[in-house]
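Notes for the structure review
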Amino acid sequence: MEQGDPAKETLVINHEDDNTGNDVDNNEQPELASYGDGGTRPTCLQRLANINVFTGTISITVLLTSTLSTYVNSQVTTLEKQFGLSSSETGFLMASNDIGYITVGIFISYFAPRVHIPRFLAVFTVLFGISGIVCSLPHFLYGVEQNIGESQSENNTAMRNNFIGQLCVKSNQSGNDLCDSNETGGSKPRDHATAAVAIIAVGMIVQGIAKAPRHPFLVTYVDDNVVRTKTGYYVGIIITIAILGPVLSYSLGSLFSRLYVTLEATDLHPRHPKWVGAWWLGYIVFGAAAIVVAFPVFLFPRRLRGAPTREEAVRKTTEVVHGDIKRFQAMEEIKTYFRLLRSILSNPIFMLLLCATISLIFGVGGLHSFMPKYIENQFGLEAWKANLIMAGLGLSTATVGTFVGGWLTKRFKMGPMVALKVTAILYFGVVVFYGLGFVFGCEQPEILNTPGSAANTCPAGCPCNDLEYFPVCGSDSRNYFSPCHAGCGYHEKGMYTNCTCIPGGEATAGSCEYNCPLAYPYFISIGMSFLLSTMAIMPKIISEIRCVTEEEKSLSIGVMTVLASLFGWLLSPVIFGRVIDSSCLIWDSVCGERGACVLYNMADFRIKLHGVVLGARGTSFVFTFLACLVAIKTKKWKLKEEKEALKD
């Protein structure tokens with residue numbers, strides 16, 4: 001028989017004649033497909049076709065794909081610096097992932113019970129890896145402006161000003177004069193920005209398509225291959241490992257942010273206003289790794305050894321394998337699809353949980369997209385430190401919370417009603433801890449000699465460009481608008497000297513470090529909100545997949561994830577980006593083009609960010625609470641739970 005023949009993968013159905021003409025015993029569990037399909041099947045591989053090995057293998061692939069999906073969050077400020085992007089533009093970039101997901105999400109989830117799930121997951125993981133490598137192409141196509149030495153740049157004022165800022169010298173030209181001259185090298189800051197962002201967006205869209213089957217296929221596959229009370233446990237393990245993806249992306253994102261974009265030695269440092277980290281490196285590392293780990297997934301069978309025999313699962317598998325022509329006629333499939341969709345959308349508990357999920361994802365998506373940027377600006381940290389803090393928060397809270405939530409569902413054999421109540425309680429705690437984000441913030445650092453402000457205390461008489469914000473930290477530990485506005489006339493080996501407006505006369509590039517006493521309370525409160533939120537993941541999933549019928553399960557998961565992506569993951573980065581842009585005080589402006597925001601109103605940033613998040617999380621709690629009330633009033637699960645208890 002040829003390799004991949006579906007007859008080799010099927011279950012042996014009760015009452016079907018075997019080769020001897022004898023009927024198979026009704027009480028005998030159907031034989032399951034071996035590990036690997038077609039050709040020789042070594043016994044050692046057949047023994048690996050079980051739920052434990054599958055969970056471990058697929059967890060690694062999910063870890064790397066989730067790492068790739070969230071890696072862009074760790075590089076927001078880096079991309080904004082290199083390509084002169086606003087927060088709303090980077091928000092669109094992050095939303096591109098879900099544009100791809102939404103195009104195929106609902107439709108592909110419908111086929112979860114009808115296809116070879118491990119093979120589909122493996123193919124899409126390879127596609128995921130390729131899309132990651134595509135995202136790195138702008139670096140190789142367009143590169144970045146080199147930080148050449150001072151001796152080489154002394155005859156090029158534009159080049160010098162770009163890396164050391166404008167000095168207090170009489171020969172200064174205005175920004176417009178520089179743009180009109182040939183000193184810019186014929187290239188404007190955003191010449192390649194549109195093309196670069198378009199390439200990254202395409203890669204992100206392909207990532208969205210590749211991640212579409214991940215959640216519905218995994219939940220369906222696990223639920224069909226274990227007893228019902230253990231679904232939450234195994235899915236909880238997979239999700240726990242998946243949540244390590246953002247931890248890994250922020251951790252390695254922190255490392256890559258400390259490397260200069262060209263990977264060459266430079267006299268710049270991470271606090272320097274013109275520092276650009278090696279953002280492209282993560283896409284290559286994670287993309288290549290995803291391709292490699294996809295291949296073991298190809299070897300798993302349609303159904304695992306030791307999987308429980310369920311009439312519905314056996315029927316669907318048999319229909320696929322034997323190619324029941326009538327069942328797979330196009331019109332029949334379309335009718336079935338819309339019948340199930342109509343039933344799902346008319347389910348009041350499902351719709352309330354859907355609204356809760358959309359609100360939840362909207363808040364989480366926006367917060368996680370710009371959280372590293374918020375930490376950088378609110379607490380005056382470099383990008384690599386902000387990423388390291390995000391990694392620490394994720395590792396210490398999210399992974400523990402998800403595992404504990406999954407363990408609790410198994411330990412107490414949570415039915416959907418109990419799981420829904422637990423979810424509502426945890427969501428209330430999340431609202432409380434998020435609310436503390438309004439309180440724990442820092443004061444706006446003072447910037448001396450800002451043009452047009454009362455802080456302009458030193459009229460040095462220098463012909464400075466008032467639009468060129470290039471902060472320096474004086475030897476008096478105070479911030480100044482630029483080297484020129486601080487009266488600095490010389491620059492050598494990273495040090496500004498002869499600064500007439502600074503006591504001590506010296507300065508270094510970048511804002512001064514400062515300690516905010518409320519930083520640690522803020523991280524604790526946000527960490528607690530992460531912990532409670534992730535503890536609610538598994539109880540919420542149990543409620544979602546039990547509020548629909550077995551036939552509706554895979555499609556309901558697809559509907560939930562796609563609509564949550566459409567109104568949550570897709571919209572939140574764009575909307576949050578616009579909200580954050582409205583808090584900008586100073587925009588980078590070169591040659592008449594507005595680039596990235598270089599200074600925010602920190603109090604406004606804090607209030608707007610946490611206000612939107614708190615509103616979203618509060619709405620999620622309200623919908624979950626209403627779902628509890630409807631379930632209690634209709635007694636939807638009471639009889640069903642009694643039957644499940646007797647069956648198990």
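Because the structure is predicted, anything quoted here is derived from the model rather than measured.

It is worth spelling out the overall build of the chain at this point. If you tally the helices and strands in the chain, you get 24 helices and eight strands. Within the chain, the fraction of its 648 residues that count as buried is 55%. For the chain, the accessible surface area stands at approximately 27,500 Å², while carbon and sulfur atoms represent 61% of it.

It is worth spelling out the packing of aromatic side chains at this point. Applying the stated criterion across every chain yields a total of 23 aromatic pairs. Where Phe140 meets Trp280, the ring centres are 5.3 Å apart and the plane angle is 70°; that geometry is what we call edge-to-face. Taken together, the positions of Phe140 in helix α6 (residues 137-142) and Trp280 in helix α13 (residues 279-294) put the pair 140 residues apart, joining distant regions of the chain. Overall, Trp280 belongs to the buried group, its relative accessible area being 7%. When the ring of Tyr600 is compared with that of Phe605, the centres are 5.0 Å apart and the planes differ by 40°; the resulting orientation is tilted. Looking at Phe605, the relative accessible area reads 1%, which means it is buried. Among the aromatic residues, those joined into a cluster by ring pairs are Tyr71, Phe83, Phe256, Trp279, Tyr283 and Phe286. For Arg258, the ring lying beneath its charged end belongs to Trp384, and the centroid distance is 3.9 Å. Just above the ring of Tyr427 sits the side chain of Arg617; from NZ or CZ to the centre is 5.9 Å.

Right, let's get into the nonpolar core. Among the nonpolar cores identified, the biggest contains 106 residues, and Phe54, Tyr283 and Phe379 are the most heavily contacted of them. Sequence-distant contacts of Tyr283, defined by excluding residues within four places in its chain, comprise Leu68, Tyr71, Val72, Gly132, Ile133, Cys135, Ser136, Ile200, Met204 and Gln207. Ile358, Leu420, Ala424 and Ala631 belong to the second-largest nonpolar core, a separate cluster that totals 21 residues.

Here we come to the pattern of salt bridges. Under the criterion given, the structure shown has eight salt bridges. Put simply, Asp223 and Arg546 hold a salt bridge, and the shortest N to O gap is 3.6 Å. Here Asp223, found in helix α11 (residues 214-225), pairs with Arg546, found in helix α20 (residues 537-546); they are 323 residues apart in sequence, far enough to count as distant. Accessibility expressed as a relative area gives 0% for Asp223, which makes it buried. Under the relative-accessibility criterion, Arg546 is labelled buried at 12%.

This paragraph deals with the environment of Phe433. You can see Phe433 is positioned in helix α18 (residues 416-435). Taking the relative accessible area as the measure of exposure, Phe433 reaches 25% and is therefore partly exposed. It is 9.1 Å that separates the C-alpha atoms of Phe433 and Ile524, two residues lying 91 residues apart in sequence. Leave out the neighbours within four places in its chain, and Phe433 touches Ser525, Met528, Ser529 and Leu532.

In this section: the side chain of Ser572. If you trace the backbone, Ser572 turns up in helix α22 (residues 571-581). Judged by relative accessible area, which is 0%, Ser572 ranks as buried. For Ser572, the side chain forms a polar contact with the main-chain oxygen of Gly568, separated by 2.7 Å.

Taken N-terminus to C-terminus, the directions of helix α16 (residues 348-379) and helix α21 (residues 553-569) make an angle of 40°; their axes are 8 Å apart at the nearest point. In terms of axis orientation, α16 runs oblique to α21. For α16 against α21, the interelement crossing comes out right-handed. Between α16 and α21, the contacting residues are Phe350, Leu353, Leu354, Thr357, Ile358, Ile361, Phe362, Val364 and Gly365 on the first element and Ser556, Val559, Met560, Leu563, Ala564, Phe567, Gly568 and Trp569 on the second. For the contact of α16 with α21, the residue count by class is 13 nonpolar, four polar and no charged.

Glancing now at unusual backbone geometry. Outside of glycine, negative phi angles account for most residues, and trans bonds account for most peptide bonds. With a phi close to 65°, Leu263 is a non-glycine residue in the positive phi region. With respect to the element layout, Leu263 can be found in the loop between α12 (231-257) and α13.

It is worth spelling out a nonpolar patch on the surface at this point. A grouping of Val622, Phe625, Leu626 and Leu629 is seen on the molecular surface, where their side chains present a nonpolar patch of about 330 Å² in accessible area. Assignment of secondary structure puts Val622 in helix α23 (residues 602-634). For Val622, a relative accessible area of 44% gives the class partly exposed.

Look at helix α10 (residues 193-211): 27 Å from first C-alpha to last across 19 residues, which is about the 27 Å you get at 1.5 Å a residue. When we look at burial in α10, the residues that qualify are Ala193, Ala196, Val197, Ile199, Ile200, Ala201, Gly203, Met204, Gln207, Gly208, Ala210 and Lys211.

Moving on, we come to the sheet that holds strand β3 (residues 479-480). Strand order across the open sheet formed by six strands is β1-β3-β2-β6-β5-β4, with mixed pairing between neighbours. Each having just a single partner strand, β1 (447-448) and β4 (490-492) make up the two edges of the open sheet.

This paragraph deals with the side chain of Gln207. Within the secondary structure, Gln207 sits in helix α10. Residue class for Gln207 comes out buried when judged on its relative accessible area of 0%. With residues up to four places along the chain from it excluded, the contact list for Gln207 reads Leu68, Ser69, Asn97, Phe128, Ser131, Gly132, Cys135 and Tyr283.

Rules of the game
- Residues numbered from 1 in each chain as written.
- Predicted model: local features only at pLDDT ≥ 70, side-chain atom pairs only at ≥ 80, totals over all residues.
- Heavy atoms only, no water.
- Helix = DSSP H or I, 4+ residues; strand = E, 2+ residues; numbered from the N terminus.
- Buried < 20%, exposed > 50% of the residue type's maximum accessible area, 1.4 Å probe, protein only.
- Areas by Shrake-Rupley, 256 points an atom, 1.4 Å probe, with all protein chains shown as cover.
- Phe/Tyr/Trp six-rings, centres within 6.5 Å; stacked < 30°, edge-to-face > 60°.
- Lys NZ or Arg CZ within 6 Å of the ring centre and 35° of its normal.
- Core = buried A, V, L, I, M, F, W, Y, C linked by side-chain atoms within 4.5 Å.
- Contact = heavy atoms within 4.5 Å.
- Salt bridge = Lys/Arg side-chain N within 4 Å of Asp/Glu carboxyl O.
- Polar contact = N/O pair within 3.5 Å; in protein donor to acceptor, adjacent residues only side chain to side chain.
- Axes fitted to C-alpha atoms, helices over the stretch in contact; angles between N-to-C directions.
- Parallel < 35°, antiparallel > 145°, perpendicular 65-115°, else oblique.
- Left-handed = near helix turned anticlockwise from the far one by under 90°.
- Nonpolar A, V, L, I, M, F, W, Y, C, P; charged D, E, K, R; others polar.
- Patch = residues over 30% accessible without salt bridge, like charges linked within 9 Å, V, L, I, M, F, W, Y side chains within 5 Å.
- Expected span 1.5 Å × (residues − 1).
- Pairing = 2+ DSSP bridges.

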